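So the chains spell out like this:
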Amino acid sequence: MRKKDLLSLTPMDIEEFLAGMGEKRFRGKQIFQWINKGIKDFDKMTNLSKPLREKLKDYAYITNIEIKEKLVSNIDGTTKYLFLLDDYNIIEGVVMKYHHGLTACISTQVGCAMGCTFCASTLKGLVRNLRAGEMADQILTMQKDMGERISNIVLMGSGEPLNNFHETIKFIKIINDEDGLNIGNRHITLSTSGLVPQIKALADLQIPINLAVSLHAPNDALRKQTMPIAKKYSIKELIESCKYYIDRTNRRVSFEYALIRGINDDEAHARELSDLLKGMLCYVNLIPVNTVEGKEYKKPNIGDTGKFQQILRGSGIEATIRREMGADINAACGQLRRKYLQKQ
Ligand code: SF4
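Source: prediction; values computed, not measured.

So what's going on with the sheet that holds strand S11 (residues 210-214)? Which residues, and what values?
Taken in spatial order, the 10 strands line up as S3-S4-S5-S6-S9-S10-S11-S12-S13-S14 in an open sheet, and their pairing is mixed. Two strands lie at the open edges of the sheet, namely strand S3 (66-72) and strand S14 (318-321), each paired on one side alone. Each strand of the sheet is rotated relative to its neighbour by a mean of 25 degrees, with strand direction disregarded. Its contacts with the sheet put helix H4 (residues 132-146) on S3, strand S4 (79-84), strand S5 (90-98), strand S6 (101-105) and strand S9 (150-155), and the angle it makes with S5 is roughly 50 degrees. Docked against the sheet, helix H8 (residues 235-249) engages S11 and strand S12 (253-259), running at close to 145 degrees with respect to S12.

Listed below in structure tokens is the structure:
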């Protein structure tokens, strides 16, 4: 029998697992509480009987990722981690310090299959999906290392969360549980490149998390140049799925727009984007693109970025320019892992 990763299970899953072993279901909550406090050693779960602890050692394990490398920004304290998984794969996580507390950006896959041309995570394609426990353990490990509670989670690290749908949903349920990390759904943001059927499926679950959609272009022709997913789903279909999400969850959707100099950052693009989003319950996050080694993209001029924002605002669309965090430590998605793989 394959051992079960208990950190990948909700309290109800653990109860089922225990019942399957002929154990009392109520122990599930106790085990879930221990695990989500970061306890990885069954012998430290002092309210469980010794025979149960021994049985758990035989039939279960608890994901334990290790910090392989850590970089702290001298500019803003952003902390970037390279984690080693039990199969020796490497993923990244980042903790950013904001006035409202710590926000963790976590990975949902090793690598990524989506092929966005501005992103370092996808350079070697998708290696594998992460288990829910490997996502949760990124938070537990960063929290322990920082010595402070992490209150906001963004699923914006390596990977397309909706391409690992089942484990991502399980992860959200695990960290939202009041016996675990107790992170409110409104403090969780899932970022997607725009998988239309999965956005609808997520909407139908009616979990009121924040949905961030990577748009990056106001029309299909331009979007296809940077995001291969645009060849599968048109912007029209994508916007319809976002409207469906808003209807089902009552949540505002955010659109991520990476500004790339000379590609998608001129005034005509801003006007086209305004027309596309006008009247929608949404806002736009403008992200001056990070330079990725091996790619030709350049950061937009500050003036152009400001103009772009003004045009959107002029159409009644809220738009913010994302402040760059950890500029001195390669904090952009996938860059540190890429450097590490190159060194190997
Ligand atoms: S931007 Fe996101 S979806 Fe696109 S390749 Fe990078 S990790 Fe994947």
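That covers the picture; the talk isn't over yet.
Explain the pattern of salt bridges residue by residue, including any values.
Pairs may arise between side chains of opposite charge once their charged atoms sit close together. Under the criterion given, the structure shown has 21 salt bridges. When the shortest N-O distance is used, the salt bridge between Glu54 and Lys57 registers 3.0 Å. Taken together, the residues span about one helical turn, with Glu54 and Lys57 both in helix H3 (residues 50-59) at a distance of three residues. Arg131 is the partner of Asp86 in a salt bridge, and the nearest nitrogen-oxygen pair spans 3.7 Å. With Asp86 in the loop between S4 and S5 and Arg131 in the loop between strand S8 (126-129) and H4, the pair connects residues that are 45 residues apart, well separated along the chain. A single salt-bridge network, built from bridges that share partners, covers Asp5, Asp86, Asp87, Arg128, Arg131 and Glu134.

How would you summarise the environment of Leu205 if you had to cite specific residues and measurements?
Tracing the sequence through the fold places Leu205 in helix H6 (residues 196-205). Residue classification places Leu205 among the partly exposed residues on the basis of a relative accessible area of 40%. On a C-alpha basis, the gap between Leu205 and Glu178 in space is 19 Å, while along the polypeptide they are 27 residues apart. Those residues within four positions of Leu205 in sequence are excluded, and the remaining contacts are Phe165 and Ile169.

So what about the environment of Gly28? Which residues, and what values?
Mapped onto the elements of the fold, Gly28 is located in helix H2 (residues 27-35). Given the relative accessible area of 0%, Gly28 is considered buried. Linking Gly28 and Asp13, residues 15 residues apart in sequence, is a C-alpha distance of 8.2 Å. Among residues more than four places away in sequence, those in contact with Gly28 are Ile14, Glu15 and Leu18.

So what's going on with the domain arrangement of the protein? Residues and values would help.
A common measure of how large an interface is: the accessible area buried when the components associate. By the assigned domains, the protein splits into domain 1 (4-61) and domain 2 (66-343). For domain 1 and domain 2, the distance between their C-alpha centres works out to 33 Å. Facing the 15 residues of domain 1 at the interface are 15 residues of domain 2. The contact between domain 1 and domain 2 buries some 1200 Å² in all, and 58% of this surface belongs to carbon and sulfur atoms.

Explain the packing of aromatic side chains to me, and be specific about the residues and the numbers.
Under the definition given, this model contains two aromatic pairs. Between Lys37 and the ring centre of Trp34, over which it is positioned, the NZ or CZ distance is 4.9 Å.

Explain the nonpolar core residue by residue, including any values.
Formed by 92 residues in total, the largest nonpolar core has its most connected members in Leu6, Leu56, Ile153, Phe171, Phe255 and Val284. Three or more residues apiece are contributed to this core by two domains, here domain 1 (4-61) and domain 2 (66-343). For Phe255, the residues in contact, after removing those within four places along its chain, are Val213, Leu215, Ile239, Cys242, Leu277, Met280, Cys282, Tyr283, Val284 and Asn285. Formed by five residues, the second largest nonpolar core is a distinct cluster that contains Val94, Met96, Cys105 and Val154.

Lay out the packing of H6 against H8 with the relevant residues and their values.
Where H6 contacts H8, the two axes come as close as 8 Å, and the packing angle between them is 5 degrees. By the angle class used here, H6 and H8 are roughly parallel. Contacts between H6 and H8 pair Val196, Ile199, Lys200, Leu202, Ala203 and Asp204 from the former with Glu237, Leu238, Ser241, Tyr244, Tyr245, Arg248 and Thr249 from the latter. By residue class, the composition of the contact of H6 with H8 is seven nonpolar, two polar and four charged.

Help me get a handle on the packing of helix H9 (residues 267-277) against helix H10 (residues 302-314), residues and values and all.
Between two packed helices, both the angle of their axes relative to each other and the distance between the axes serve to describe the pair. Where H9 meets H10, the axes come as close as 9 Å, and the angle between the chain directions of the two elements is 30 degrees. Taken together, the axes of H9 and H10 are roughly parallel relative to one another. Our pair here, H9 against H10, has a crossing hand that is right-handed. Contact with H9, carried on its side by Glu267, His269, Ala270, Arg271, Leu273 and Ser274, involves Lys307, Phe308, Ile311 and Leu312 of H10 and no other residues of that element. Here the contact of H9 with H10 is built from residues that sort into five nonpolar, two polar and three charged.

Outline helix H5 (residues 165-176), listing residues and values.
Taking 1.5 Å of rise per residue, the 12 residues of H5 would be expected to cover 16 Å, and the 16 Å separating its terminal C-alpha atoms lies within 8% of that figure. Of the residues making up H5, those classed as buried are Glu167, Thr168, Ile169, Lys170, Phe171, Ile172, Ile174 and Ile175. Against the buried residues of H5 lie helix H1 (11-20), H2, H4, S9, strand S10 (188-192) and H6.

Tell me what's going on with the side chain of Gln138, and back it up with residues and numbers.
Following the sequence through the fold, Gln138 ends up in helix H4. Here Glu134 takes part through its backbone oxygen, which lies 3.3 Å from a polar atom of the side chain of Gln138. Filtering out sequence-adjacent residues up to four positions away, Gln138 remains in contact with Ile65, Phe83, Ile91, Glu92, Gly93, Ile106, Ser107 and Leu130.

Conventions and cut-offs
Residues numbered from 1 in each chain as written. Predicted model: local features only at pLDDT ≥ 70, side-chain atom pairs only at ≥ 80, totals over all residues. Heavy atoms only, no water. Pairing = 2+ DSSP bridges. Helix = DSSP H or I, 4+ residues; strand = E, 2+ residues; numbered from the N terminus. Axes fitted to C-alpha atoms, helices over the stretch in contact; angles between N-to-C directions. Contact = heavy atoms within 4.5 Å. Salt bridge = Lys/Arg side-chain N within 4 Å of Asp/Glu carboxyl O. Buried < 20%, exposed > 50% of the residue type's maximum accessible area, 1.4 Å probe, protein only. Domains from an automatic or database assignment. Buried area = accessible area lost by both parts, 1.4 Å probe. Phe/Tyr/Trp six-rings, centres within 6.5 Å; stacked < 30°, edge-to-face > 60°. Lys NZ or Arg CZ within 6 Å of the ring centre and 35° of its normal. Core = buried A, V, L, I, M, F, W, Y, C linked by side-chain atoms within 4.5 Å. Parallel < 35°, antiparallel > 145°, perpendicular 65-115°, else oblique. Nonpolar A, V, L, I, M, F, W, Y, C, P; charged D, E, K, R; others polar. Left-handed = near helix turned anticlockwise from the far one by under 90°. Expected span 1.5 Å × (residues − 1). Polar contact = N/O pair within 3.5 Å; in protein donor to acceptor, adjacent residues only side chain to side chain.

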